[in-house]
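Chain by chain, the residues:
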Protein chains: 2
Amino acid sequence: MANKEEKQLDIPEGEFLAAREDVVKKVLEQQPADEILYDLAELFKVFGDSTRIKILYSLFETELCVYDIARLLNLSQSSVSHQLRILKTSKLVKFRREGKSVFYSLDDEHVREIISMGMEHVEE
Amino acid sequence: MANKEEKQLDIPEGEFLAAREDVVKKVLEQQPADEILYDLAELFKVFGDSTRIKILYSLFETELCVYDIARLLNLSQSSVSHQLRILKTSKLVKFRREGKSVFYSLDDEHVREIISMGMEHVEE
DNA sequence: TTATCATATGTTCATCTGTTCATATGTATA
DNA sequence: TATACATATGAACAGATGAACATATGATAA
């Protein structure tokens, strides 16, 4: 593994390179499958938009209908609806119909936890 | 606050609307400043790319130099360096110089925690 | 100094993303 | 049924973003 040096290296240097190879190999073994890391990035991408963050934060304590979210955040109904669809697809929010309105709420404790963790980093 | 209805509504309906106004008002009061929510979204945006996630994950257990990260993840040196700059700017990684190499490592326990939280959601 | 290795940076380009506008769907009421 | 209200969806456009390439900087050794 660590023997592809062309020039002959002294022993300490050789040992150092071998150690690096081992580290690289171990990291590779511990790395989750590409697909999982891709999904993980996709998840964070959803949190990576201020409109969606605002919507999620609004739902921290209570459910809200689309119209109230739009009013609250001074956004267009269309924009809110589009973003809610993304949040729905990512399983971050759930909804229930009540008459003409649709009430959205957080789907999962993870959402709160992930955002709270992020907050700690931002507020430092 | 809840008296902008044009048509006269019966009392229960009026009370319902008033209650909704209160909810909206309370949510608004609890919402962090726009600037903070913007920064929060920016933070998650950094996590929202599979190349950067892979780099961060590689640094979970050990520091690594740029060249080894590139080799490990089969990425170009340029690409890794660009992404490391973004991670550096966001205070997610720190670095130390050793001779010609620069070794990067996670800057913060929050990084590990945020990624772990995300993992739990993805692996469900 | 010059050569070489390791990393950083600037620029270009194709692709992705969020918003807006228009319109469709769904629901309740007259 | 027709009408209004609440939400969802489709299309188009502007702005953002990541990768690749070339090149610059920094550090060590000859």
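The preceding data block contains the structure.
Structure report, in brief. What you see is a predicted model, and the numbers here were worked out from it, not measured in a lab. (Residues numbered from 1 in each chain as written. Chains lettered and ligands numbered in written order. Predicted model: local features only at pLDDT ≥ 70, side-chain atom pairs only at ≥ 80, totals over all residues. Heavy atoms only, no water.)

Let us now look at the protein's contact with DNA strand C. What surrounds DNA strand C is a group of 25 residues, the closest being Thr51(A), Arg52(A), Ser78(A), Gln83(A) and Tyr104(B). Here, DNA strand C places atoms within 4 Å of the protein, and 66% of those atoms are sugar or phosphate. Within the contact set of DNA strand C, a phosphate oxygen lies 2.6 Å away from a side-chain nitrogen or oxygen of Arg52(A). Between a phosphate oxygen of DNA strand C and a side-chain N or O atom of Tyr104(B), the distance comes to 2.5 Å. For the surface near DNA strand C, the secondary structure elements donating two or more residues are α3 (50–58) and α5 (77–89) of chain A together with α4 (66–73), α5 (77–89) and β3 (101–106) of chain B. In terms of residues, the surface near DNA strand C owes the most to one element, α5(B), which gives 6 residues. Of the residues assigned to the surface near DNA strand C, the class counts are 5 nonpolar, 12 polar and 8 charged. (Near = heavy atom within 4 Å. Polar contact = N/O pair within 3.5 Å; in protein donor to acceptor, adjacent residues only side chain to side chain. Helix = DSSP H or I, 4+ residues; strand = E, 2+ residues; numbered from the N terminus. Nonpolar A, V, L, I, M, F, W, Y, C, P; charged D, E, K, R; others polar.)

This brings us to the protein's contact with DNA strand D. Tyr67(A), Tyr104(A), Arg52(B), Ser78(B) and Gln83(B) are the nearest of the 24 residues found near DNA strand D. In this structure, Gln77(A) approaches DNA strand D through a side-chain N or O atom, which is 2.9 Å from a base nitrogen. Residue Arg52(B) places a side-chain N or O atom 2.8 Å away from a phosphate oxygen belonging to DNA strand D. Take the surface near DNA strand D: its biggest share by element is 6 residues, from α5(A). Across the surface near DNA strand D, the residue classes tally to 5 nonpolar, 11 polar and 8 charged.

As enumerated under the stated definition, the model contains 16 salt bridges over all chains in all. When the shortest N-O distance is used, the salt bridge between Asp68(A) and Arg20(B) registers 2.7 Å. Pair noted here: Asp68(A) is in helix α4 (residues 66–73) and Arg20(B) is in helix α1 (residues 11–30), and the two residues belong to different chains. By relative accessible area, Asp68(A) is classed as buried at 2%. What makes Arg20(B) buried here is its relative accessible area of 17%. Here Arg71(B) ties to Asp68(B) by a salt bridge, and the two come within 2.7 Å at their closest N and O atoms. (Salt bridge = Lys/Arg side-chain N within 4 Å of Asp/Glu carboxyl O. Buried < 20%, exposed > 50% of the residue type's maximum accessible area, 1.4 Å probe, protein only.)

Nothing here speaks to function; it is geometry throughout.
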